[in-house]
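What follows is each chain in one-letter form.
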Amino acid sequence: MIRKYTFGTPLPTDAVVLSLPAETGPVPFFTLSRDGDRVVLTRPLQPEDCLFGLGESVRGINKRGFLYRSWNNDIFNHTESTDSLYSSHTFLIFFGPDTLFGVFLDDPGTVTWDLGYTRSDTAVITSENGQLDLYILEEDSLTELARSFRRLTGRSYLPPRWAFGYIQSRWGYASEAEVRTVAAEHRKRGIPLDAVCLDIDYMEDFKNFTWRKDAFPDLTRFSADMKQDHIRLVPIIDAGIKREKGYAPYDSGKAGGYFCKKEDGSDFSAAVWPGDCCFPDFFREDARRWFGDLYQPLLASGVEGFWNDMNEPSLFYTEDCVAAAFRRVEELRSGNVDYEAMWGLKDVFNGIANNPEDYRSFYHEVNGTPVRHDRVHNLYGAFMTRATADAFRRFDPDRRFLLFSRASFIGAHRNGGIWQGDNFSWWSHLKMALQMLPNLNLCGFLYSGCDLGGFGCNVTEDLLARFLQLGVFTPLMRNHSALHTREQEIYRFSTWESMRDTLRVRYALLPFLYSEFMKAALSGGMYFRPLAFDYPSDPRAVRTEDQIMLGEGCMIAPVLEQNAVGRYVYLPEDMLMVRFRSPEDYDLVPLPKGDHRIDCSLREFPLFLKKGHPLLLCPGGESTETLDDHTFTALCLTDRAVTYDLYRDNGFDPDPVLAEHLTPVSVPAPAAGTSPVPGVAISALVL
Ligand code: MIG
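Note that this is a predicted model, so its numbers are computed, not measured.

Engineer: How should I be thinking about the sheet that holds strand 7 (residues 99-106) in this particular structure?
Structural biologist: By way of backbone hydrogen bonds, the strands of a sheet pair with one another, either parallel or antiparallel. Across the sheet, 5 strands lie side by side as 1-10-7-6-4; this open sheet has antiparallel pairing. Looking along the sheet, the strands with just one partner apiece sit at the ends: strand 1 (2-7) and strand 4 (50-53). Between one strand axis and the next, the sheet turns through 20° on average, direction left out of account. The sheet contact formed by strand 1 and strand 10 (residues 132-137) spans 6 bridges and is antiparallel. Within the sheet, the bridge partner assigned to K4 lies in strand 10 and is Y135.

In structure tokens form, the structure reads like this:
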């Protein structure tokens, strides 16, 4: 059951696809109060209550005990103290012995979530705008709550099948030759690869929709050559358009009046990578269409995927902010400077980027009326994604394209995936990525993953290996790193062969993982889940913070610490451990419910299977296009025959009907005395 409550006159956010009448009675579960414009929802928390949701945010799977703020923020150096990341996902489930409901604030402005921070026994959710649709969801289980939220907000984005392949990326690939070398180094060593990202280096002066003719002379030919080798190019597009007469996207944007305006009606501008930029007003339909059409030449040259960046929007500086900072310098120059003044000055300069004042200084046009940016800030990236996805649909309605964005809001999950932002090459960020994934799924973002190896800082070889072992299971599997950091391609490292084998496991599992993903996406389910969803009455499972469920019957528990050669794993039921070294080399160990110490040397990683749920391994391959998805080895802990419905399609059908793509796979019962592992069916299948 979903109930809607409307406060003030909310602006359209495109977050919801179900239109419901607003209730008139009191909001259940919360005490409602007003504080100026603010709408404040307060609820006591019982000691056992757990909170799931908030998608992209720091800290645990259970969000209890911290203060979060929904405000899309380009925050390169985030830590566990960071209250806002790049995306805002304003859905939260309250779950406890006597508690089960979800709350969604369809509010694109600042929302704060004091989840037992100020008082450990109280949750306080505050909408700063006070103009919003509030939804209260009630179902009988966590799983049903997640489904109900998806019914409300619509089907998750479906990437093409090739997007489940390994993607190599790095800020700094500066020429076609360099990208070809990276691809060749993978192919030469049998390291699987499906795509290479092009970062801002491919552009002329970082201008969107241009490319450097000296370094990338012929994109059509380049992309065609790479596709011959089953590798796709995935260029980046940023939100800002360089303000420069004679640059076609600026000229056409200016002519159409498509840029965000200041109060006096002039175009708002701020510096980002290309220098002074204007910002498309993605809130306008005509501006979205104009911007989306700018992708067409790149699509026409054979590109089938993009990543949208800097769309919080990130602002390096505005002239106003810089002028104010220099004024402060001048003030100090004439007087005595003490430490407080000096530190204050540092803060002034550090506060120039993404300054709140700047976000209050420009406007969007919503149904002909100007709306100040900060009131709808969290929608900017979502509406950029919408513009891009709509353009793909116009360009070729019969195909799925790859699209992932940095900033997003609920609703954007229908149009694209997201990556988990600029992480660092830190062990703590490996754990953070794992903990974020189930909450992203809960909010609809199934196609996602982190920068494997870490974006900032210098990776270590063992950290990359462990990141890749998580990446085997994330729908978006991309190795990405920042300019000037240590080179992070697998082949740079002495143990590249075992990392290659990790990737080969991904490709052997790919038809199965794709099947699990598509079944979840098409049925409104979750690909990754907190353990609580499967074992709601097992307090140990409910409180597990470093293991997550995958698909119908799997659980993952990656090693998350440096120099650890194993870890403790809690099994909420009897399970089969598959400990991989390669697709051909793995251990099968049936384990009883309970606590286990699992040994995992640097090249080993486990997957756990529930009883009666088979795992399908294909022979693998170096690209998704050359995979054999007809020949499988099925592994299953069972004492009887079981059936699995394998989802297969052509990999690009935009609107597949689930039932039409399922092949029932029968796994026979383990023949007594013949299986090398008692109780485990191991069967060769040709489908
Ligand atoms: O200000 O395009 O998150 O993935 O490599 C940095 C350069 C801009 C931020 C993205 C990152 C990308 C980088 N970008």
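Let's pick the thread back up.
Engineer: Would you mind going over the environment of N415 with me for this structure?
Structural biologist: Tracing the backbone through its elements, the reader meets N415 in the loop between strand 20 (402-405) and strand 21 (417-419). Setting aside residues up to four positions removed in sequence, N415 forms contacts with Y157, T385, R386, A389, R393 and L403. A polar atom in the side chain of N415 sits 2.7 Å from the side chain of R393.

Engineer: How do you make sense of the sheet that holds strand 30 (residues 586-591) when you look at a structure like this?
Structural biologist: Overall, antiparallel pairing links the 6 strands, which are arranged 25-26-27-32-29-30 in an open sheet. Edge positions in the sheet fall to strand 25 (528-529) and strand 30, since each has one partner strand and no second.

Engineer: Any chance you could explain unusual backbone geometry here in plain terms?
Structural biologist: In terms of backbone geometry, most residues other than glycine have negative phi values and most peptide bonds are trans. In this chain, E312 is followed by P313 through a cis amide linkage whose omega measures -5°. Here P313 is to be found in the loop between strand 17 (305-309) and helix 7 (319-333). With a phi close to 70°, D14 is a non-glycine residue in the positive phi region. One can find D14 in the loop between strand 1 and strand 2 (31-35). Assessed through its relative accessible area of 27%, D14 is described here as partly exposed.

Engineer: Help me out: how do you make sense of the site of the ligand in this one?
Structural biologist: Surveying the vicinity of the ligand reveals 14 residues, the closest of which are D199, D309, R406, D422 and H480. In this structure, W273 approaches the ligand through a side-chain N or O atom, which is 3.0 Å from an oxygen atom. Between the ligand and D422, the relevant distance is 2.4 Å, taken from an oxygen atom to a side-chain nitrogen or oxygen of the residue. When grouped by side-chain class, the residues that make up the shell around the ligand number 9 nonpolar, 1 polar and 4 charged.

Engineer: Is there a simple way to think about the side chain of R232 in this case?
Structural biologist: Structurally, the position occupied by R232 is in strand 13 (residues 232-238). Looking at R232, its side chain comes within polar contact range of the side chain of E304, at 3.3 Å. Contacts of R232, omitting those with residues within four sequence positions, involve W162, D194, A195, V196, K227, E304 and E625.

Rules behind the numbers
Residues numbered from 1 in each chain as written. Predicted model: local features only at pLDDT ≥ 70, side-chain atom pairs only at ≥ 80, totals over all residues. Heavy atoms only, no water. Pairing = 2+ DSSP bridges. Helix = DSSP H or I, 4+ residues; strand = E, 2+ residues; numbered from the N terminus. Axes fitted to C-alpha atoms, helices over the stretch in contact; angles between N-to-C directions. Contact = heavy atoms within 4.5 Å. Polar contact = N/O pair within 3.5 Å; in protein donor to acceptor, adjacent residues only side chain to side chain. Buried < 20%, exposed > 50% of the residue type's maximum accessible area, 1.4 Å probe, protein only. Near = heavy atom within 4 Å. Nonpolar A, V, L, I, M, F, W, Y, C, P; charged D, E, K, R; others polar.

Read these as spatial facts, not as claims about activity.
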